[in-house]
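Chain residues, written in single-letter form:
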Amino acid sequence: MIHSLDAETMTLEAPNVGRVQLYASGRPSSRPPALLIHTINAAASAYEVKPTFEALAKDRLAFAIDLPGFGASERSDRRYTPRLMTDAVLLASDEIHRRTGSPCDLIGVSLGCEFVARAAKERPERSRRLA
């Protein structure tokens, strides 16, 4: 079962990533936007960051991604590697930058932290802080 967040839903697509779902809520503010990245487990999706997503959306733009193979994102027959997940985080952070003109705070949960760290190292101009 796919759980979604009560938020605007965008489908992002890139050849190296496939189709992923990005959720957005909140309003522009002086605070940077935030992107939440879930962990990897049998039932993972952006839904697992729902409480944090809702709290952040009260005073800034909040985004959450369904990583490839999870939630409402594409589940094609391919290898699901750290490279694929990092590319998905970069795709989402590029979209957030396109929409807001601002780098975002990247917030990872458990193994999602690895993808946050890799994305920030590869494209530091797209992130402000990591958690």
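Refer to the structure presented above.
In this text, all values refer to a predicted model and were calculated from it rather than measured experimentally.

Colleague: Would you mind showing me how to read the pattern of salt bridges here?
Modeller: Any two side chains of opposite charge can pair, on the condition that their charged atoms come close. Here the structure, examined in full by the defined rule, presents 12 salt bridges. The closest approach of N and O atoms between Asp94 and Arg126, which form a salt bridge, is 2.9 Å. With Asp94 in helix H2 (residues 82-100) and Arg126 in the loop between helix H3 (112-122) and strand S6 (127-130), the pair connects residues that are 32 residues apart, well separated along the chain. Between Arg118 and Glu114 there is a salt bridge whose closest N-O contact spans 2.9 Å. Here Arg118 pairs with Glu114, and both are found in helix H3, just 4 residues apart, close to one helical turn. A relative accessible area of 28% places Glu114 in the partly exposed class. Each of the salt bridges in this network shares a partner with another, and the network as a whole consists of Arg60, Asp105 and Arg129.

Colleague: Would you mind showing me how to read the pairing of strand S1 (residues 8-14) here?
Modeller: The side chains of a regular strand alternate between both faces of the sheet. Of the strand pairs in this sheet, S1 and strand S2 (residues 18-25) are connected by 7 bridges, and their pairing is antiparallel. The residue of S2 that forms the bridge with Thr9 is Tyr23. As consecutive antiparallel partners, S1 and S2 are separated by 3 residues.

So, how was this worked out
- Residues numbered from 1 in each chain as written.
- Predicted model: local features only at pLDDT ≥ 70, side-chain atom pairs only at ≥ 80, totals over all residues.
- Heavy atoms only, no water.
- Salt bridge = Lys/Arg side-chain N within 4 Å of Asp/Glu carboxyl O.
- Helix = DSSP H or I, 4+ residues; strand = E, 2+ residues; numbered from the N terminus.
- Buried < 20%, exposed > 50% of the residue type's maximum accessible area, 1.4 Å probe, protein only.
- Pairing = 2+ DSSP bridges.

Just distances and angles here, no functional claims.
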